[in-house]
Amino acid sequence: APQPFVTTQQLVALHSLAEREPKEGPKQKKKGEPTQEQDGEKYIEVAYEGEPAAANFIRQGKTIIEQGLEITGLKKRDPLRPPNCLKLTLSNEAVKETERKRIEAGGGVDAHPVSLFLYDVGCALLDELFDERPIQRFWFLETIARIPYFSYVSMLHLYESFGWWRAVELRKVHIAEDWNELHHLLIMESLGGNSLWSDRFLGYHVAFAYYWILIVVFLGSPRVAYQFMELLEAHAVDTYRTFLNENRERLKSLPPPQVARSYYKTGDLYLFDDFQVSRPPGSRRPPCDNLLDVFENICQDEGEHVKTMQACQEYALSGTRVVSPHLNYNVTAVETKRDLWKEWSEEVNSQGEMDN
């Protein structure tokens, strides 16, 4: 993904937003003041489509030099550049405590011992590499979170190509899950989560390796592949929940990025409904009035991914199909259409008999 561009004016405006005292709360806009939509534009602008590869490599090379100069002290880091100016925090110990409470309450994942070992190693590395850098950590997690769905869809295509197994609806659900994680990623990019070249380098290369590891795991056992993803999604819920508890007032004082408002409120919500296999389409329409709403929505999304991964494990174990909620909860609509078709056909036939 390309590094998004931000102007100095946007950075200054964003810094002023971050400096608002939480106690002020929402204020009535005066005439001429920016609206909430304009506030959201003060974050880094992101786009679905990136620049050509050659231009991207040239720009990435420049950022390597810039980061090197900043590390050596030859260039001063911009204090207004997000995410640092947002002043958001995340305690590693608090995340571990949230996870411990979930497991004690019966929400643990019954994963393979090797999966648990790799999970523990990954969490330890996250704590070390992204200590007190929550937005960068979330960007890294969301980069990794999309990869399993790429792997699952690739394997389902392979099985179908060989004539072994066709699971069209399952593939459709995984595509909707990827679409959801993509928007989480875009939100983190709008908050500056991928501003450092070193973070991008690590995230992209770990994602590449993770893709091929999951391909091999899925080939041996789809259930274990889904199980490991459940572990990661459960960890994401714990991390976002802890983050919300630590930064609730600060997040409430900041506007939502445009990409978040588009995804949760004004965009095409078909795929948003499609990854939530445990609920009817249209039953969840969350608010998106500030950054607190955005992170609460993301946290709830991750909880829905946990449920979907559990359903996929059941599918792999017993053959209970995982299908789009648009199909699963739309039996009545199908029957109604069938009745209307019969009624229409009878009317046409009776009219034909009268004409004869």
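The structure reproduced in this document is the subject of the present report. Note that this is a predicted model, so its numbers are computed, not measured.

Assignment of secondary structure puts Asp-238 in helix α9 (residues 222-252). Once residues lying within four places of it in the same chain are set aside, the contact partners of Asp-238 are Thr-98, Glu-99 and Arg-102.

Right, let's talk about helix α6 (residues 134-161) for a bit. One turn of the α-helix equals 3.6 residues, which is why residues spaced by three or four share an orientation. Taking 1.5 Å as the rise per residue, α6 with 28 residues should run 40 Å; its terminal C-alpha atoms sit 42 Å apart, in good agreement. Of all the 28 residues making up α6, 22 are buried; the element is thus mostly covered by neighbouring parts of the structure. The first or second residue beyond α6 is Gly-163, which carries a positive phi of 75°.

In this model, the largest pocket occupies a volume close to 800 Å³. Ranked by residue count, the leading element in the lining of the largest pocket is helix α5 (residues 113-129), at 10 residues. Among the residues making up the lining of the largest pocket, the classes are represented as 25 nonpolar, four polar and three charged.

A few words now on the packing of aromatic side chains. Throughout the structure, instances matching the rule amount to 23 aromatic pairs. For the pair Tyr-159 and Phe-218, a centre-to-centre distance of 6.1 Å together with 40° between the ring planes defines the contact as tilted. Note that Tyr-159 is positioned in helix α6 and Phe-218 in helix α8 (residues 197-220), a separation of 59 residues in sequence. Of the two residues, Tyr-159 and Phe-218, neither departs from the other in class, the shared state being buried.

About the cut-offs
Residues numbered from 1 in each chain as written. Predicted model: local features only at pLDDT ≥ 70, side-chain atom pairs only at ≥ 80, totals over all residues. Heavy atoms only, no water. Helix = DSSP H or I, 4+ residues; strand = E, 2+ residues; numbered from the N terminus. Contact = heavy atoms within 4.5 Å. Expected span 1.5 Å × (residues − 1). Buried < 20%, exposed > 50% of the residue type's maximum accessible area, 1.4 Å probe, protein only. 1 Å grid on protein atoms, 1.4 Å probe; cavity = no way out; pocket = protein on both sides within 12 Å on 5 of 7 lines; lining within 4 Å. Points joined across faces, edges and corners; volume = space filled by probe spheres on them. Nonpolar A, V, L, I, M, F, W, Y, C, P; charged D, E, K, R; others polar. Phe/Tyr/Trp six-rings, centres within 6.5 Å; stacked < 30°, edge-to-face > 60°.

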